[in-house]
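# Structural overview for review
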Amino acid sequence: MSEHAESTSRKLTELAKRRGYFFQSSDAYGGVGGFYTFGPQGAALKGNLEDAWHDRFSVQEGNLEIDAPTIMPEPVFESSGHLETFDDMLVECPECGESHRADHVVEDNTDYEDAEGLPIPDVEEIIAEYELVCPSCGAGLAGQAVDDFNLMFATSIGPGDSQPGYLRPETAQGIFVEFPRLKEYARNTLPFGVTQIGRAYRNEISPRRSIIRTREFTQAELEQFVDPEGDGPDLSGVENVQVRLYPATEQQADNGDLRETTIGEAVADGTIADPWIAYFLGIAQEWYESVGVDPDRFRFRQHLAGERSHYASDCWDAEALIDGSEESDDSEQRKSAEPSSGYWIEIAGFAHRGDYDLSKHAAGSGERFTVFRQYDEPQTVERATVDPDMSYLGPQFGGGAGTVVDALQALAASNREAFDGDTVEIDLEGETHEIPVEKTGFAVEEETIAGEHVTPHVIEPSFGVDRLLYTVLHHAYAEDEVDGEDRTYLELEPEVAPTFVGVFPLQSDDDLEETAREVAKAVRAAGLSVTYDDSGNIGRRYRRQDEVGTPFCVTVDYESLDDGAVTVRERDSTAQKRLPIDSLAETLSALRAGDVAFEELES
């Protein structure tokens, strides 16, 4: 890994702490791994990214939005499968007692690339075979048990014999459990989408690399409910979007590489099998670029079969290339198509979840998680029914008569030919029983129906906000030289920059300071974020704003008192123009909206 790669990551972490982007929480008490506080700059950048996501994926798509609780009762996670399957593999060092993700230990030190999908006995054998050691102290891990560790934070709801609950490990379940009500708000019409931005919690075994892997984080998720037999989305708006894809076939090839293509071409040649997935990849590509993700350090990688969730028929991750660091997690470096230094991190996932979630919650709750599909015209169908003679079944089966009725009804629906003879056989607690057909009340009747209940399929774009924030900062980080001095600055997009403009009086002077404060007040009134700074020389103030990514700086000087104009400096080029105060707020608003470029302005 190059010196530059290491220093970039280290410098960014130091800048984030020094300038108030993010830092470890509860540091006064020694801190705790996996929890970070976003400072004034970081909170503002995070809020701007969330606003931009909300505008594109909720407002512009016409989707519903909810805000569900972060704590949910245990039955929710029993039905969703999180209690049984939401695990990572844990191995504990016999010497120092540190816990590590066993699959990461394997992937970091062997040629195995997808150890997460291996059975625990296989992982234990690999650790022994390669004589792998503890990453913290170097003690041998061979012979140590590898155990499943559930990642959910448990809690109690209420006092006394309280109800067990969990902090949600993803925001999605808050949407799924409310589907019976949400479908009414959508007028029982498919497709429709529901979005949510909020906190999620995972008790990571070994959180690392600052805000890339944490125990509390923010997700922005969209659950798109679609008719499994309905039309796909209109791809005309995204078919020409250029994307860099890393499909499973390329990952498994000896010399596999990224595939440069368009959304339309990828759908046509089958690289992206599902049109809904393709639609959201196209939207995401353009959106990521708009908020400052470098397209040359960005790709969509398809999950291999072994790493895909059991319920997902297909899944693609949006991945960003991050320069390496001393804490580099090689398990994030997916095979091949890699640069000489750096690693890819997942910043979003796009999964086709099928009807898994809604079917599970329907079974667990007893509620109906379906949408009624109206036929264009009523249809006449044949239905097999039973109306058993309970005076016969009661004496024959006693308390089991109700179970017999259920079995007969199920058999009539699935295999009406079973009733063609004089008797019909059913299985009851492992025993076969014969029942006279005449006692079952079996009949085939015609019925006119207007439609049917359909369990929607779910397409899920899920975005990690914290990882996106880190990516945006990393891709924006730049160094150059100005007037013979080294400069560090962040090339943040004006739309998301925490502060849009800095306002300075040239010197410490009452008249200059009064005018500068009036200018700052007027710009704030236009809805722009402003910082006022009169500390230190003007060059030092410029450098401070460059380092936090402020796109423009306004300086009030003595000429301003006479001609009513100020000096406006652009961050990236450091070019300056003289602009009138009375139209300054309007001009800056146009710059932020992208309606005009700085170089197009006339002094």
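Just above sits the structure.
Residues numbered from 1 in each chain as written. Predicted model: local features only at pLDDT ≥ 70, side-chain atom pairs only at ≥ 80, totals over all residues. Heavy atoms only, no water.

### Here we look at the overall build of the protein
Our working rule: Under the DSSP-based scheme used, a helix requires at least four consecutive residues in state H or I and a strand at least two consecutive residues in state E, with every element numbered from the N terminus. In this scheme, a residue with accessible area under 20% of its type's maximum is buried, one over 50% is exposed, and one in between is partly exposed, where area comes from a 1.4 Å probe on protein chains only. Note on definitions: a residue-residue contact is assigned when non-hydrogen atoms from the two residues lie within 4.5 Å. Each accessible area is a Shrake-Rupley estimate made with a 1.4 Å probe; only the visible protein chains count as cover when residues are assessed. We score Asp and Glu as negative and Lys and Arg as positive, and we do not count His or the chain ends. Each charge is placed at NZ for Lys, CZ for Arg, CG for Asp and CD for Glu.
Check the secondary structure of the protein and you find 19 helices and 28 strands. Its C-alpha atoms give the protein principal-axis dimensions of roughly 105 × 65 × 60 Å. Counting the 603 residues in the protein, one finds 49% classified as buried. Counting contacts in the protein only where the partners sit at least 6 residues apart, residues at least 24 apart contribute 67% of the total. Carbon and sulfur atoms form 42% of the exposed surface of the protein, whose accessible area is close to 28,200 Å². Computed over 47 positive and 123 negative side-chain charges, the separation of the two mean positions in the protein equals 7 Å.

### Some words on the sheet that holds strand E7 (residues 146-150)
Our working definition: At least two bridges found by DSSP between two strands are what make those strands a pair. Angles here are taken between N-to-C directions and fall from 0 to 180 degrees, while the axes themselves are lines fitted to C-alpha atoms, restricted in helices to the stretch in contact.
Taking strand neighbours across the sheet as the criterion, the three strands line up as E6-E5-E7 in an open arrangement whose pairing is antiparallel. The sheet terminates laterally at strand E6 (99-101) and E7, the two strands that pair on one side only. Taking the axes of each pair of neighbouring strands and ignoring which way they run, one obtains an average angle of 45° across the sheet. Packing of helix H5 (residues 102-109) onto the sheet brings it into contact with strand E5 (87-92), E6 and E7, and relative to E6 it is tilted by some 65°.

### Description of unusual backbone geometry
Along the chain, Leu 190 connects to Pro 191 via a cis peptide bond; the corresponding omega equals -5°. Looking at where Pro 191 falls in the secondary structure, it is placed in the loop between helix H8 (179-185) and strand E10 (192-201). The backbone of Asn 188 sits at a positive phi, close to 55°, despite the residue not being glycine. Checked against the element boundaries, Asn 188 lands in the loop between H8 and E10. For Asn 188, a relative accessible area of 28% corresponds to the partly exposed category. Positive phi values are uncommon outside glycine, yet Ser 210 reaches one of about 45°. Within the element layout of this structure, Ser 210 appears in the loop between E10 and strand E11 (216-226). Judged by relative accessible area, which is 11%, Ser 210 ranks as buried.

### Examining the packing of aromatic side chains
Applied cut-off: A pair of aromatic rings is counted whenever rings of Phe, Tyr or Trp (Trp by its six-membered ring) have centres within 6.5 Å, and the orientation is called stacked for planes under 30 degrees apart, edge-to-face for over 60 and tilted otherwise.
Overall, the coordinates contain 27 aromatic pairs when judged by the stated rule. With 4.9 Å between their ring centres and 55° between their planes, Phe 179 and Phe 225 make a pair best called tilted. Highlighted residues: Phe 179 in helix H8 and Phe 225 in strand E11, separated in sequence by 46 residues. Among the residues examined, Phe 179 registers a relative accessible area of 0% and is labelled buried. Owing to a relative accessible area of 0%, Phe 225 belongs among the buried residues under this scheme. Judged by centre distance (5.7 Å) and plane angle (40°), the rings of Phe 552 and Phe 598 are tilted. Remark: Phe 598 occurs in the segment after helix H19 (584-593) and Phe 552 occurs in strand E26 (residues 552-556); sequence separation between them is 46 residues.

### Considerations on the side chain of Arg 487
As a reminder, the rule being used: Distance and chemistry together define a polar contact, namely a pair of N or O atoms within 3.5 Å, with one atom able to donate a hydrogen and the other to accept it when in protein, and with adjacent residues in sequence counting only for side-chain atoms on both sides.
Mapped onto the secondary structure, Arg 487 falls in strand E23 (residues 485-490). At 2.8 Å, the side chain of Arg 487 forms a polar contact with the backbone oxygen of Arg 571. The contact partners of Arg 487, leaving out residues within four places of it in the chain, are Ala 478, Glu 479, Asp 480, Val 482, Arg 543, Asp 546, Arg 569, Arg 571, Asp 572 and Thr 574.

### With respect to the pattern of salt bridges
Short version of the rule: Any Lys or Arg side-chain nitrogen found within 4 Å of a carboxyl oxygen on Asp or Glu counts as a salt bridge.
This model, assessed by the stated rule, comprises 34 salt bridges. Among the salt bridges present, the one from Arg 301 reaches Asp 317, with a minimum N-O distance of 3.8 Å. Of the two residues, Arg 301 is situated in strand E14 (residues 298-302) and Asp 317 in strand E15 (residues 314-322); the sequence distance between them amounts to 16 residues. Using a relative accessible area of 3% as the deciding quantity, one classes Asp 317 as buried. Between Asp 563 and Arg 578 there is a salt bridge, with its nearest N and O atoms 3.5 Å apart. With Asp 563 in helix H18 (residues 558-563) and Arg 578 in strand E28 (residues 576-580), this pair connects stretches of sequence that are 15 residues apart. Residue Arg 578 is classed as buried on the basis of its relative accessible area, which comes to 18%. Here the salt bridges do not stand alone but share partners, grouping Glu 14, Arg 18, Arg 19 and Glu 547 into one network.

### Some words on the packing of helix H2 (residues 40-59) against helix H11 (residues 275-290)
Geometry of a packed helix pair, given as the angle between the helix axes and the separation of the axes. Our working rule: Each crossing is labelled by how the near helix is turned from the far one, with a counterclockwise turn of less than a right angle marking it left-handed and a clockwise turn marking it right-handed. Basically, the charged four are Asp, Glu, Lys and Arg, the nonpolar ten are Ala, Val, Leu, Ile, Met, Phe, Trp, Tyr, Cys and Pro, and anything else, Gly included, counts as polar.
Close contact between H2 and H11 brings their axes to 11 Å; oriented N to C, the two are set at 145°. Seen from above, H2 lies across H11 with right-handed handedness. From H2, Leu 49, Ala 52, Trp 53, Arg 56 and Phe 57 reach across to H11, where they touch Ile 283, Ala 284 and Trp 287. In terms of residue class, the contact of H2 with H11 is made up of seven nonpolar, no polar and one charged.

### A word on the packing of helix H16 (residues 510-525) against H19
Worth spelling out the cut-off: Under this scheme an angle from 65 to 115 degrees is roughly perpendicular, one under 35 degrees roughly parallel, and one over 145 degrees roughly antiparallel; angles in between are oblique.
Running from N to C, H16 and H19 point in directions that differ by 50°, and their axes come no closer than 9 Å. Accordingly, the angle class assigned to the pair H16 and H19 is oblique. In the packing of H16 onto H19, the handedness of the crossing is right-handed. Where H16 approaches H19, its residues Val 519, Ala 522 and Val 523 are matched on the opposing element by Leu 584, Ala 585 and Leu 588. Taken together, the residues of the contact of H16 with H19 break down into six nonpolar, no polar and no charged.

### As for the environment of Val 238
Turning to its location among the elements, Val 238 is positioned in the loop between E11 and strand E12 (242-246). Counting along the chain gives 318 residues from Val 238 to Val 556, while the straight-line C-alpha distance between them is 45 Å. Among all residues touching Val 238, those that are not within four sequence positions of it are Ile 263, Tyr 279, Gly 282 and Ile 283.

### Looking at the sheet that holds E28
Backbone-to-backbone hydrogen bonds join strands into a sheet, with any given pair of strands oriented parallel or antiparallel. The sheet built from five strands is open, its strands ordered E25-E24-E26-E27-E28 with mixed pairing. What marks the edges here is a single partner per strand, and that holds for strand E25 (530-532) and E28. Across the sheet, the mean angle separating the axes of adjacent strands is 25° when strand polarity is ignored. Examined bridge by bridge, E26 and strand E27 (residues 565-570) share four bridges and lie antiparallel to one another. From the neighbouring strand, Thr 555 faces E27, where its bridge partner is Thr 567. Running over the sheet, H19 touches strand E24 (501-505), E26, E27 and E28 and is turned about 165° from E26.

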